[in-house]
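# Structure assessment
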Amino acid sequence: MYCVEVRDRIMIAHSLPDAFFGPAQGMHGATFVVDVAFFRETLTAKNVVIDIGAALDVLKQTLKPLAYQNLDELPMFAGRLTTTEFLAKHIFDAIAAAARDGSLGEDGRGLASIRVTLHETDLARASYEGSVI
């Protein structure tokens, strides 16, 4: 399986109001390094997995509505615990939709899967991986 990975980062604020999360129950900030890996079983006619420029553009556009936001105040996350795992799936859904709708170019339609990883620190990260279809 071939793979190409692109990276960006976002800064957000949020709280995780459940005793399970200890001190993270209160408002706090996070800076996430976001990696998106694109998988394909065979290379395209141009011998690539995906157009890296298109992948970077789609990732940037996906992260833009979250960057420098208090996630607790965004209607789309009302009543949700915006854990790192939850955010990885949220970002995955947007990137997978872009692959299906052609925003990643023709190459996006032939992807086998995508993995989104959010790095909280150099010691902790969470991912969501799934099929594009």
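Above this text sits the structure in question.
As a starting point, this report considers the structure included with it. Positions within a chain are numbered from 1, following the residues in the order the chain's sequence is written. In view of the model being predicted, local features appear only for residues whose pLDDT reaches at least 70, and side-chain atom pairs are presented and counted only at 80 or more, with totals across whole chains, interfaces and linings using the full set of residues. In computing side-chain properties, one takes all heavy atoms of the structure into account and sets aside hydrogens as well as water.

### Quick notes on the pairing of strand β1 (residues 2-14)
Here is the rule: Strand pairing is defined by DSSP finding a minimum of two bridges between the two strands. Secondary structure elements are taken from DSSP: a helix is a run of H or I of four residues or more, a strand is a run of E of two residues or more, and numbering for both begins at the N terminus.
In the sheet, β1 pairs with strand β2 (residues 28-40) via 13 bridges, with the strands oriented antiparallel. Note on β2: the bridge partner recorded for Cys-3 is Phe-39. As defined by bridge partners, β1 adjoins strand β3 (residues 69-70) across two bridges and the pair is classed as parallel. Residue pairing in the sheet places Ile-12 in a bridge with Gln-69 of β3.

### Concerning the pattern of salt bridges
Stated formally: When a carboxyl oxygen of Asp or Glu is within 4 Å of a side-chain nitrogen of Lys or Arg, the pair counts as a salt bridge. Any residue under 20% of the maximum accessible area for its type is buried, any over 50% is exposed, and the rest in between are partly exposed; the area is computed with a 1.4 Å probe on protein chains only.
Counted by the stated rule, this structure contains four salt bridges. For Asp-35, the salt bridge goes to Arg-7, with nearest N and O atoms at 2.5 Å. In this pair, Asp-35 sits in strand β2 while Arg-7 sits in strand β1, placing the two residues 28 residues apart along the sequence. Asp-35 gets classed as buried once you look at its relative accessible area, which sits at 5%. Between Arg-109 and Glu-106 there is a salt bridge whose closest N-O contact spans 3.0 Å.

### Topic: unusual backbone geometry
A positive phi is found at Asn-47, a non-glycine position, where the angle reads about 60°. Overall, the relative accessible area of 58% leaves Asn-47 in the exposed class. In this structure, Tyr-68 takes a positive phi of about 60° despite not being glycine. Within the secondary structure layout, Tyr-68 lies in the loop between α1 (52-63) and β3.

### Quick word on α1
The criterion, for reference: Multiply 1.5 Å by the residue count of a helix minus one, and that product is the helix's expected span. This arc is built from the directions going out from the helix axis to the C-beta atoms. Each polar contact in these results corresponds to two N or O atoms within 3.5 Å; when the atoms are within protein, one needs to be able to donate a hydrogen and the other to accept it, and residues that are neighboring in sequence are counted only if both atoms are side-chain atoms.
In a regular helix each residue adds 1.5 Å, so twelve residues correspond to 16 Å; α1 covers 16 Å between its end C-alpha atoms and thus fits that length. Among all positions of α1, only Ala-54, Ala-55, Val-58, Leu-59, Thr-62 and Leu-63 are buried. Looking down the long axis of α1, one finds its buried residues gathered within 160° of arc, a one-sided arrangement. Opposite its buried face, α1 presents the exposed residues Asp-57 and Gln-61, each directed more than 90 degrees away. Residue Asp-51 occupies the N-cap position of α1, its side-chain oxygen lying 2.9 Å from the main-chain nitrogen of Gly-53.

### Structural notes on the sheet that holds β3
Our working rule: For this analysis, residues touch if any pair of their heavy atoms sits within 4.5 Å. Only the contacting stretch of a helix is used when fitting its axis, a line to C-alpha atoms as for every element, and angles between N-to-C directions run 0 to 180 degrees.
Taken together, the five strands give an open sheet; going across it, the order is β3-β1-β2-β4-β5, and neighbouring strands pair in mixed fashion. Only two strands of the sheet have a single partner each, and these edge strands are β3 and β5 (125-131). Across the sheet, α1 touches β1 and β2, and the angle it forms with β1 is around 20°. Contacting β2, β4 (113-119) and β5, helix α2 (residues 84-101) runs over the sheet at an angle of about 145° to β4.

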